[in-house]
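So you can see what is in the structure, the chains are spelled out below.
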Amino acid sequence: MAPTSKSKLTGALSTGPVIFSAAILLRIILLFYGLWQDANSPMKYTDIDYYVFTDAARFVAHGESPYARDTYRYTPILSWLLLPTAWHSVLFSFGKAMFAIGDIITGWLIILVLRSTSGMSTERALRFASIWLLNPMVATISTRGSSEGLLGVMVMALLWAVVNRRITLAGFLLGFGVHFKIYPFIYAPSIIWWLDDEHLGSRKSQKSKALPSPIDKVFGFVNKNRINLTLTSLATFAALNVIMFQIYGWPFVDQTYLHHVTRLDHRHNFSPYNTLLYLTASQPSAAPDLSRLAFIPQLLLSTVLIPLVLAKRDLASTMLAQTFAFVTFNKVCTSQYFLWYLVLLPLHLPRSSLLQKPRRGILALVLWIAGQALWLQRGYELEFLGRSTYAPSLWIAGIFFFAVNVWILGIIVTDTGANKVSKLKI
């Protein structure tokens, strides 16, 4: 081994344990701090959703349905995973620890994906993974009891499986991910569009470069990997839903899926639709629910336009852009949703102008944080001080944060579009 390569490997081996240890320690500190705050402050550290999860787990532990707990809108699998919290009060934080461990596993997967997609050294990949591992926002959300950390594991494992040609595994992860939380379905178009033979090292890409006929294009598109991914993901998703329906019946379908179409959540909602949702919820018969139209730009961007334009250039960055668009244009946008795209950010940054042009990156970060702070200040006045801030201040804050996110989305799309069409080296 050359001296330079040996020194890089030694550096990675020495830095890796430090970063992962720091990430674990950060989460342990927050877990214990959360216990203290819950016991000593009227403002609880534990997320309200975690109480919903653990209540549902207690119903399951007593042989009942998790949907006996009002506002439980998730797959029964989540309540099954949290069954230990129902066994003893000492294990109440079991789920938080599990979500925090999910963060660590996700960080490790980020390193694997960076090495697979760009040939990046372990040391450099570790630096980018630190954006996730040492991010206080990520650690706080998981240790408060949000299950989004588990989604990070699934999404990153899905991407790793795709780029490493584990197509059957990728199909299973995609189907399971969509069952666990609906939004990963947006990745299906990008992955299928990306799965050209040339990306997977097929000999077909080495054949004649003559212009193909329309029929050749059709048959060329329908390749073995696309069929495998489609059938495996659909079979996994369908099998899980059939099993859950057999056990829990219609409440499973209604609460896990249909609720998200008609939901009118207006609390803790950064979306510019927030005020409209509040008015609709308070006077449901006064006017039609125009917020349902939010699905049109949201799905058009995240499942059609962005995948078609960008997927063959850079799959990971395309998935980031899709997720960013999906969250930004969603009619319900909470802090937990930010983790959906933050987990993909380390994969995009190596070739992003947000990093290559530090001023732009710093400005984007400052505006993104400022937009949240502005909204949260108004939200605090509304929910804790009882002041009516919906109009115009909370609505203006939502519009400002939305505009910042659209600007950042534009940067991500532009940067990804400027990349050459990726040809994965495996």
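The numbering scheme is per chain: residues are counted from 1 as the chain's sequence reads. A pLDDT threshold of at least 70 governs which residues receive local features in this predicted model, and a stricter bar of 80 or more applies before side-chain atom pairs are shown or counted, although totals over entire chains, interfaces and linings include all residues. To get the side-chain values, take all heavy atoms of the structure and skip hydrogens and water.

A. Quick peek at the overall build of the chain. A helix here means a DSSP run of H or I that spans at least four residues, while a strand means a run of E at least two residues long, and both kinds are numbered starting from the N terminus. Across its full length, the chain carries 20 helices and zero strands. For every residue, the accessible area obtained with a 1.4 Å probe (protein chains only) is divided by the maximum for its type, and the residue is called buried under 20%, exposed over 50%, and partly exposed between those limits. Taken across its 426 residues, the chain has 49% of its residues classed as buried. Residues count as neighbours in contact if any of their non-hydrogen atoms are within 4.5 Å of one another. Within the chain, contacts between residues at least 6 apart in sequence are counted, and of these 74% link residues at least 24 apart. Each accessible area is a Shrake-Rupley result for a 1.4 Å probe, and residues are judged covered by the shown protein chains and nothing else. In the structure as shown, the chain presents an accessible area of about 20700 Å², 68% of it carried by carbon and sulfur atoms.

B. Inspection of a nonpolar patch on the surface at higher detail. For patch detection, residues must exceed 30% relative accessible area and be free of salt bridges, and they are connected within 9 Å for like charges or within 5 Å for nonpolar side chains (Val, Leu, Ile, Met, Phe, Trp, Tyr). Counted as salt bridges are all cases of a side-chain nitrogen of Lys or Arg within 4 Å of a carboxyl oxygen of Asp or Glu. Judged by side-chain polarity, Ile24, Leu25, Ile28, Ile29, Phe32 and Leu35 come together as a nonpolar surface patch covering roughly 570 Å² of accessible area. Position of Ile24 among the secondary structure elements: in helix H1 (residues 3-40). Its relative accessible area of 39% is what places Ile24 among the partly exposed residues.

C. Looking closely at the environment of Pro76. Looking at the secondary structure, you find Pro76 in helix H3 (residues 76-81). You can call Pro76 buried: its relative accessible area is 0%. For the pair Pro76 and Pro66, spaced ten residues apart in sequence, the C-alpha to C-alpha distance is 6.5 Å. For Pro76, the contacting residues outside a window of four places in its chain are Pro66, Tyr67, Met244, Tyr248 and Phe252.

D. Structural context of the packing of aromatic side chains. Here a Phe, Tyr or Trp ring, Trp counted by its six-membered ring, pairs with any other such ring whose centre lies within 6.5 Å, and the pair is stacked when the planes are under 30 degrees apart, edge-to-face when over 60, and tilted otherwise. Scanning the model with the defined rule gives 24 aromatic pairs in all. Their ring planes at 80° and their centres at 6.2 Å tell us that Tyr67 and Tyr248 sit as a pair that is edge-to-face. Here Tyr67 is found in the loop between helix H2 (48-61) and H3, whereas its partner Tyr248 is found in helix H11 (residues 224-248), with 181 residues between them in sequence. Note on accessibility: Tyr67 and Tyr248 belong to one class, buried. By the ring-pair criterion, three or more aromatic residues cluster together here, those being Tyr183, Phe185, Tyr187, Phe326, Tyr337 and Trp340. By the criterion adopted, a ring carries a charge over it if an Arg CZ or a Lys NZ lies within 6 Å of its centre and within 35 degrees of its normal. When the ring centre of Trp193 is taken as reference, the NZ or CZ atom of Lys312 above it lies at 3.9 Å.

E. Region of the structure containing helix H16 (residues 335-342). Counting buried residues in H16 gives seven out of eight residues, a clear majority hidden from the surface. Turning to H16, its buried residues are Gln336, Tyr337, Phe338, Leu339, Trp340, Tyr341 and Leu342.

F. Fine view of the packing of helix H6 (residues 136-143) against H16. For helices, the axis comes from a line fit to the C-alpha atoms of the stretch in contact; other axes are also lines fit to C-alpha atoms, and the angle between any two N-to-C directions lies between 0 and 180 degrees. Close contact between H6 and H16 brings their axes to 10 Å; oriented N to C, the two are set at 125°. Taken together, the axes of H6 and H16 are oblique relative to one another. Of the two possible hands of crossing, H6 and H16 adopt the one that is left-handed. On H16, the residues touching Met137, Val138 and Ile141 of H6 are Ser335, Gln336, Phe338, Leu339 and Leu342. Side-chain classes follow a simple rule in which Ala, Val, Leu, Ile, Met, Phe, Trp, Tyr, Cys and Pro form the nonpolar group, Asp, Glu, Lys and Arg form the charged group, and the remainder, Gly included, forms the polar group. Per-class residue counts for the contact of H6 with H16 are six nonpolar, two polar and no charged. Roughly parallel means an angle under 35 degrees; roughly antiparallel, over 145; roughly perpendicular, 65 to 115; everything else is oblique. Each crossing gets its handedness from the near helix: less than a right angle anticlockwise from the far helix is left-handed, clockwise is right-handed.

G. The arrangement of the confidence of the model for the chain in detail. Every residue is assigned a pLDDT by the predictor, reflecting its confidence on a scale from 0 to 100. Per-residue confidence for the chain gives a mean pLDDT of 85, with 80% of residues at or over 70. Model confidence for the chain, summarised as mean pLDDT per element, is weakest for helix H13 (residues 274-282) at 63 and strongest for helix H8 (residues 167-180) at 97.

H. Seen up close, the nonpolar core. Nonpolar core, defined: a set of buried Ala, Val, Leu, Ile, Met, Phe, Trp, Tyr and Cys residues in which side-chain atoms within 4.5 Å join the residues together. The biggest cluster of nonpolar side chains holds 100 residues, and the ones touching the most others in it are Met156, Leu159, Tyr187, Phe338, Leu344 and Leu347. Ranked by residue count, the leading element in this core is helix H7 (residues 148-163), at twelve residues. Per-domain counts for this core show at least three residues from each of domain 1 (148-202 + 213-254) and domain 2 (263-425). Bear in mind that the domain bounds are from an automatic or database domain assignment.

I. A look at the pattern of salt bridges. Across all of its chains, the model carries ten salt bridges by this definition. A salt bridge links Arg27 to Asp103, with the shortest nitrogen-to-oxygen separation between them at 3.1 Å. Of this pair, Arg27 sits in helix H1 while Asp103 is found in helix H4 (residues 94-118), placing the two residues 76 residues apart along the sequence. Take Arg27 and Asp103: they sit in the same class, and that class is buried. A salt bridge links Arg351 to Asp314; the nearest nitrogen and oxygen atoms lie 2.8 Å apart. Residue Arg351 is located in the loop between helix H17 (345-348) and helix H18 (353-356), and its partner Asp314 is located in the loop between helix H14 (295-310) and helix H15 (315-328); the two are separated by 37 residues in the primary sequence. With relative accessibility at 40%, the residue Arg351 sits in the partly exposed group.

J. Spotlight on the UniProt feature "transmembrane region" (unreviewed entry) in the chain. UniProt's feature table lists "transmembrane region" (unreviewed entry) at residues 12-36, 90-113, 149-165, 172-195, 231-253, 293-311, 361-380 and 392-413, given in the numbering used throughout. The span residues 172-195 carries 71% helix and 0% strand; its end-to-end C-alpha distance comes to 16 Å. Within the segment residues 293-311, helix and strand shares are 84% and 0% respectively, and the terminal C-alpha atoms sit 26 Å apart. UniProt positions are given in the numbering used here, feature names are shortened, and annotations may be inferred rather than shown by experiment.

K. Examining the side chain of Ser146 more closely. For Ser146, the location among the structural elements is in the loop between H6 and H7. Residue classification places Ser146 among the buried positions, given a relative accessible area of 4%. Each residue touching Ser146, except ones within four places of it in the same chain, is listed here: Phe99, Ile141 and Gln336.

L. Region of interest: unusual backbone geometry. Positive phi is not limited to glycine here, since Thr71 has a value of about 70°. Take Thr71: it is sitting in the loop between H2 and H3. The class for Thr71 is partly exposed, based on a relative accessible area of 39%. Positive phi is not limited to glycine here, since Arg165 has a value of about 65°.

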